[in-house]
Amino acid sequence: MGEIEQRPTPGSRLGAPENSGISTLERGQKPPQTPSGKLMSIKIQMLDDTQEAFEVPQRAPGKVLLDAVCNHLNLVEGDYFGLEFPDHRKITVWLDLLKPIVKQIRRPKHVVVRFVVKFFPPDHTQLQEELTRYLFALQVKQDLAQGRLTCNDTSAALLISHIVQSEIGDFDEASDREHLAKNKYIPQQDALEDKIVEFHHDHIGQTPAESDFQLLEIARRLEMYGIRLHPAKDREGTKINLAVANTGILVFQGFTKINAFNWAKVRKLSFKRKRFLIKLRPDANSSYQDTLEFLMASRDFCKSFWKICVEHHAFFRLFEEPKPKPKPVLFSRGSSFRFSGRTQKQVLDYVREGGHKKVQFERKHSKIHSIRSLAMQPTEPNSEVSKQAQPSASPALGKGAESPGGQRCPRGKEPRVSSGECGQHQSPAVQRSPVGNKEADAAMTATTETEEEVVKDRTQQSKPQPLQPSTELSINSQGGAVPTNVILSPNLSPDTKQASPLVSPLLNDQPCPRTDDEEEGRRKRFPTDKAYFIAKEVATTERTYLKDLEVITSWFQSAVSKEDTMPETLKSLIFPNFEPLHKFHTNFLKEIEQRLALWEGRSNAHIRDYQRIGDVMLRNIQAMKQLAAHLWKHSEALEALETSIRSSRRLENLCRDFELQKVCYLPLNTFLLRPLHRLMHYKQVLERLCKHHPPNHADFRDCRAALAEITEMVAQLHGTMIKMENFQKLHELKKDLIGIDNLVIPGREFIRLGSLSKLSGKGLQQRMFFLFNDVLLYTSRGLTISNQFKVHGQLPLYGMTIQESEEEWGVPHCLTLRGQRQSIVVAASSRSEMEKWVEDIQMAIDLAEKSSGPTPEFVASSPPDNKSPDEAAVADQESEDDLSASRTSLERQAPHRGNTMVHVCWHRNTSVSMVDFSVAVENQLSGNLLRKFKNSNGWQKLWVVFTNFCLFFYKSHQDNHPLASLPLLGYSLTIPSESEEIHKDYVFKLHFKSHVYYFRAESEYTFERWMEVIRSATSSASRAHILSHKESHVY
């Protein structure tokens, strides 16, 4: 039996012949001599469908052949590629780099070895060379044609449009249709021809290199990107497919991913005959280990897949190549196979240190003569920082342009590297990326793992960011590169055009010294009055509010108009009541920004009349009262929408698909309540202004009058707001639960949800609990494509008692819940968590006792329990078979968001109450922050939105959707210590396990505001504490 333990053991490097790629040798070592003897010829099929013959010694290891191919291509980052061939059993296998070629390829004259991409990184920006990205683009093209990269028609048309742009250049309809008639990029291409041509029209001016970049940006978000399926069966005999990726091992049903085992969760991979075994790490709250078993067609298939898993784990997770095990003296046990080559971290480090040469290459299918990589001459070691920003200040190199200080590289059919032809080049700026989750951005919808972040930042430690050829770059005031003439559609929609994240401030931490200097200068120029920063908060949050209104007035309305699924009565109830608000607040924002501009102006500093905001607020709040009729309609619109969704499957699908779009970064029904929430924000701002200004201040009278007006409006809508928030939360929870009927009924109120451990015969098992004012539900997480939670039982609160039982069961933070028919024992993760649950459950029991009587059952899949209370306390109501069935359930359910608040609580092992949600509604904030990672040097300026217990990151406030998000439940909020050497003002630190982020505000007021709102999400307190905090803590 072969097995691999996941221990990142450091080892000495393996010797290899020298080539133009990355050396595998430590300093002072010499490469071993290539075995002499008879040569054999091997045909290699390249990614551009050409064939090349290579002669290598028969006794040479596979690495010699791979190095020869990389030398022929002048490929620096050859470690991402491999050679595959059909063996004598017709099984496609990878060429082992350590074994002699002759022992692997039995009949070389009759075998064609294919040079293909082997390791697909989580982020294509980790590929530093244009040639590497070109080869990856060819692989995507190949996978599309062979049907391995499946996607919807819009995505396929967009991918093909970028391929066409790279091959024939700018749009010309006649040329496009002629080219598409001669080249088939995907089966059933004819039906997509009009859409391809339409998308191609948007790529005018895009170079082949830029097209490759955009192609990979779109492809990497697809679920089947880089996936090679291996047929298998689960324990129940159900046919499935296994695959391995940079994140771990994946399980597919057809082309739909139904399960994922992250590397952090996997303790051991092994195989025994034709059984493939995955041993998972024990759960934090359980004492048993879980081993999953899959049956493959034969031992050879099983061993082949096991080898691929070993290599992927080593390449993406280890820092160095694993050390070879010593050979046993007498007997050997298990397979001696190991990963050979550089890990991804070593490749990135090598390229970052500049140990390579930029070379030219030829695009076989392209009719455009843009084949030169943009390369800058290396700077002196001591002047790297000072010269970092210089290359971007001048126009970028165009086609055939000369690099500074370098020679023009001639084109040829077989380019070779030589020091006489081209000087050694280096990227002008070194950029680093954070250490975090390696999930691909299909992962924007992927499930959060326990030890992984929902943050979508890409993972390897330090990597330089290549500049794209013929792309004009300019350095903005924050030190980030702003590409122009580049269009990216990351959400696969032609309606959304964004600047290409060639040097995305989110994915690449660029240590540019200009950021700090310019921020200091701007801080000195701006007013220091606290009232100014309060007024600025109004402007920044108003920008976010306008974007939220556009989700309904623009994006959702556009989606609805394309399909005739929404009744006209519902349309007339939603959109006519939102459009006047959007128009009003657009003008309101302009007026606030004009006032701030005058407030900041040096020439007007002596004019005190400009240094106020109360008059603007009063004037607009009075005008806003004229729109009150539209505000009253929003609760009616929310109820009508949910009613229509229940009665129309087509409308339900439309709303579900819309929620999966990036622009809808919150549940759809949340946006319908945004206008009501905004009134509370105005009230809070005006309260802070009135508290700040003395009574004799020129702005005090207007602020107090505006506060009186807005308080009256909030009071009128307060009852409706509370009712609608509960209504919205019940419908949101309904999407996360399966196995229930009639969750949303009149009179039911949501109180708390969270993760608790339930004591059963198997020990402590993690369960998700949902507390309402009449019943307590407990669920398990179903590992299906819907990522929903399966309800296993209910405990009516009428007649329930609760008591602490740590001593009785010997479990810390333990509670016994005794119902009239059933009792369960649960344990919280901490003392504070237990106290919150006790307080809320006791309150709910008191409410149930005051009601008319027991609540009728509404859990559809919960069988009656006839056990005695003591028996039920240690025996789970559901059997283990039920849970394993949920793991292998292959029901075709609709895709579901995997990063909802329920999932965050599950993975962070915490809870959140309705009171917390209400506080979160009030604690919303937007603005610019400088962000720094633990091991990076520079600060990045990002537009950050805090809402719904989560930070959402944007490149700028003009972006339509966030690039990443960071749920804050479970994080600790502190101020950096002196040992962390953060020598800046107004810096706060977010920390969870090994994840550390630093954020820097522009003033003391904004620093205090960010600390205040984030603390509300990271340290939710008890109900009584929160209520008193809301009354007393006002600026």
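The structure reproduced in this document is the subject of the present report. It should be emphasised that the depicted structure is a prediction, and the values quoted were computed from it without experimental measurement.

Tallying secondary structure elements over the protein gives 27 helices and 33 strands in all. By the burial criterion, 58% of the 1035 residues in the protein qualify as buried.

Here Glu210 shows up in helix H7 (residues 208-219). Within polar-contact distance, the side chain of Glu210 engages the backbone nitrogen of Thr207 at 3.0 Å.

Before going further, it helps to spend a moment on the nonpolar core. The biggest cluster of nonpolar side chains holds 79 residues, and the ones touching the most others in it are Phe556, Met566, Ile574, Met617, Phe658, Leu679 and Ile710. When near neighbours in sequence (up to four residues on either side) are disregarded, Phe658 contacts Val551, Trp555, Phe556, Ala559, Val663, Cys664 and Leu668. Within the second largest apolar cluster, 76 residues are counted, among which are Met46, Tyr80, Tyr134 and Tyr225.

Inspection of every chain in the model, using the stated rule, returns 31 aromatic pairs. Their ring planes at 75 degrees and their centres at 5.6 Å tell us that Phe81 and Phe136 sit as a pair that is edge-to-face. Here Phe81, found in strand E4 (residues 81-86), pairs with Phe136, found in helix H3 (residues 130-146); they are 55 residues apart in sequence, far enough to count as distant. For Phe81, a relative accessible area of 2% corresponds to the buried category. Relative to Tyr997, the ring of Phe933 lies with its centre 5.9 Å away and its plane at 65 degrees, an arrangement referred to as edge-to-face. With Phe933 in strand E27 (residues 925-933) and Tyr997 in strand E33 (residues 995-1000), this residue pair connects regions lying 64 residues apart in the sequence. Comparing Phe933 with Tyr997 shows no difference in burial state: the two are buried. Taken together, the aromatic side chains of Tyr80, Phe81, Phe115, Phe119, Phe120, Phe136, Tyr225, Phe315 and Phe316 make up a single cluster linked through ring pairs.

Let us now look at unusual backbone geometry. A positive phi angle is found at Arg273, which is not glycine, with a value near 55 degrees. Within the secondary structure, Arg273 sits in the loop between strand E11 (266-272) and strand E12 (275-280).

The next subject is the state of the cysteines. Tallied over the full model, the rule gives zero disulfides. Counting only cysteine sulfurs, Cys302 is the nearest neighbor of Cys309, a cysteine outside any disulfide, at a range of 9.4 Å. A relative accessible area of 0% places Cys309 in the buried class. Not part of a disulfide, Cys655 finds its nearest cysteine sulfur in Cys664, a span of 9.3 Å.

Across the interface, helix H4 (residues 153-168) lies against helix H6 (residues 193-200) with an axial gap of 8 Å and an inter-helix angle of 55 degrees. On the basis of their axis angle, the class for H4 and H6 is oblique. In terms of crossing hand, the pair formed by H4 and H6 is right-handed. Facing Asp153, Thr154, Ala157, Leu158, Ile160, Ser161, Val164, Gln165 and Ile168 of H4, the residues of H6 in contact are Lys195, Ile196, Phe199 and His200. For the contact of H4 with H6, the class distribution of residues is seven nonpolar, four polar and two charged.

Okay, the packing of helix H13 (residues 568-600) against helix H15 (residues 628-647) next. With their axes 9 Å apart at the nearest point, H13 and H15 run at an angle of 145 degrees to one another. Between H13 and H15 the crossing geometry is left-handed. Only His630, Leu631, Lys633, His634, Glu636, Ala637, Ala640, Leu641 and Ser644 of H15 make contact with H13, whose side of the interface consists of Leu570, Leu573, Ile574, Pro576, Asn577, Phe578, Pro580 and Leu581. The class makeup of the residues in the contact of H13 with H15 is eleven nonpolar, four polar and two charged.

This part takes up the environment of Pro812. Note on placement: Pro812 falls in the loop between helix H20 (806-809) and strand E24 (814-818). Distance in space between the C-alpha atoms of Pro812 and Met834 is 9.8 Å, their sequence separation being 22 residues. Apart from the residues within four sequence positions on either side, Pro812 is in contact with Glu806, Ala827 and Ala828.

Take the sheet that holds E33 next. On the basis of which strands lie adjacent, the open sheet formed by seven strands has the order E30-E29-E28-E27-E33-E32-E31 and antiparallel pairing. On the outer flanks of this sheet lie strand E30 (964-967) and strand E31 (972-974), each paired with one strand and no other. Each adjacent strand pair in this sheet contributes to an overall mean axis angle of 35 degrees, direction not counted. Note that E31 and strand E32 (residues 987-992) share three bridges and pair antiparallel. Considered in E32, the bridge of Thr974 is made with Lys989. Sheet strands touched by helix H26 (residues 1004-1018): E27, strand E28 (940-947), strand E29 (950-954), E31 and E32. Its angle to E32, the strand with the most contacts, is close to 15 degrees.

So, about the sheet that holds E4. Pairing is mixed in the open sheet, where five strands are placed in the order E3-E2-E6-E4-E5. Only two strands of the sheet have a single partner each, and these edge strands are strand E3 (51-57) and strand E5 (92-94). Averaged over all adjacent pairs, the angle separating strand axes in this sheet is 35 degrees, with direction ignored. Here strand E2 (residues 39-45) pairs with strand E6 (residues 112-117) via three bridges, running parallel. Pairing of Gln45 across the sheet is with Arg114, part of E6. Those strands touched by helix H1 (residues 62-73) are E2, E3, E4 and E6, and its axis lies near 135 degrees from that of E3.

This part covers the environment of Val197. Tracing the backbone shows Val197 in helix H6. We classify Val197 as buried; its relative accessible area is 6%. A sequence separation of 24 residues divides Val197 from Glu173, and the C-alpha atoms of the two residues are 6.9 Å apart. For Val197, the contacting residues outside a window of four places in its chain are Phe171, Glu173, Asp176, Arg177 and Leu180.

What follows concerns the pattern of salt bridges. Applying the stated criterion to the full structure yields 49 salt bridges. Ionic pairing is found between Glu687 and Lys683, a salt bridge with its closest N-O pair at 2.8 Å. Placement of the pair is Glu687 and Lys683 together in helix H18 (residues 674-692), with a separation of four residues, close to one helical turn. We note a salt bridge from Arg831 to Glu806, for which the minimum N-O separation is 3.1 Å. One end of the pair, Arg831, is in helix H21 (residues 831-850); the other, Glu806, is in helix H20, with 25 residues separating them in the sequence. In this structure Arg831 comes out as partly exposed when scored by relative accessible area, which is 39%. The network of salt bridges with common partners includes Arg595, Arg612, Asp615, Asp699 and Asp702.

The subject of this paragraph is H7. Taking 1.5 Å of rise per residue, the twelve residues of H7 would be expected to cover 16 Å, and the 16 Å separating its terminal C-alpha atoms lies within 8% of that figure. Burial within H7 is extensive, with twelve of its twelve residues counted as buried.

Quick look at H4 now. With 16 residues, H4 ought to run about 22 Å at 1.5 Å a step, and its terminal C-alpha atoms sit 22 Å apart, in line with that. Among the 16 residues of H4, 14 are classified as buried, and the element is accordingly described as predominantly covered. Regarding H4, its N-cap is Asn152, as a side-chain oxygen of that residue lies 3.2 Å from the backbone nitrogen of Thr154 further along. The first or second residue beyond H4 is Gly169, which carries a positive phi of 90 degrees.

Thresholds, definitions, all that
Residues numbered from 1 in each chain as written. Predicted model: local features only at pLDDT ≥ 70, side-chain atom pairs only at ≥ 80, totals over all residues. Heavy atoms only, no water. Helix = DSSP H or I, 4+ residues; strand = E, 2+ residues; numbered from the N terminus. Buried < 20%, exposed > 50% of the residue type's maximum accessible area, 1.4 Å probe, protein only. Polar contact = N/O pair within 3.5 Å; in protein donor to acceptor, adjacent residues only side chain to side chain. Core = buried A, V, L, I, M, F, W, Y, C linked by side-chain atoms within 4.5 Å. Contact = heavy atoms within 4.5 Å. Phe/Tyr/Trp six-rings, centres within 6.5 Å; stacked < 30°, edge-to-face > 60°. Disulfide = S-S within 2.5 Å. Axes fitted to C-alpha atoms, helices over the stretch in contact; angles between N-to-C directions. Parallel < 35°, antiparallel > 145°, perpendicular 65-115°, else oblique. Left-handed = near helix turned anticlockwise from the far one by under 90°. Nonpolar A, V, L, I, M, F, W, Y, C, P; charged D, E, K, R; others polar. Pairing = 2+ DSSP bridges. Salt bridge = Lys/Arg side-chain N within 4 Å of Asp/Glu carboxyl O. Expected span 1.5 Å × (residues − 1).

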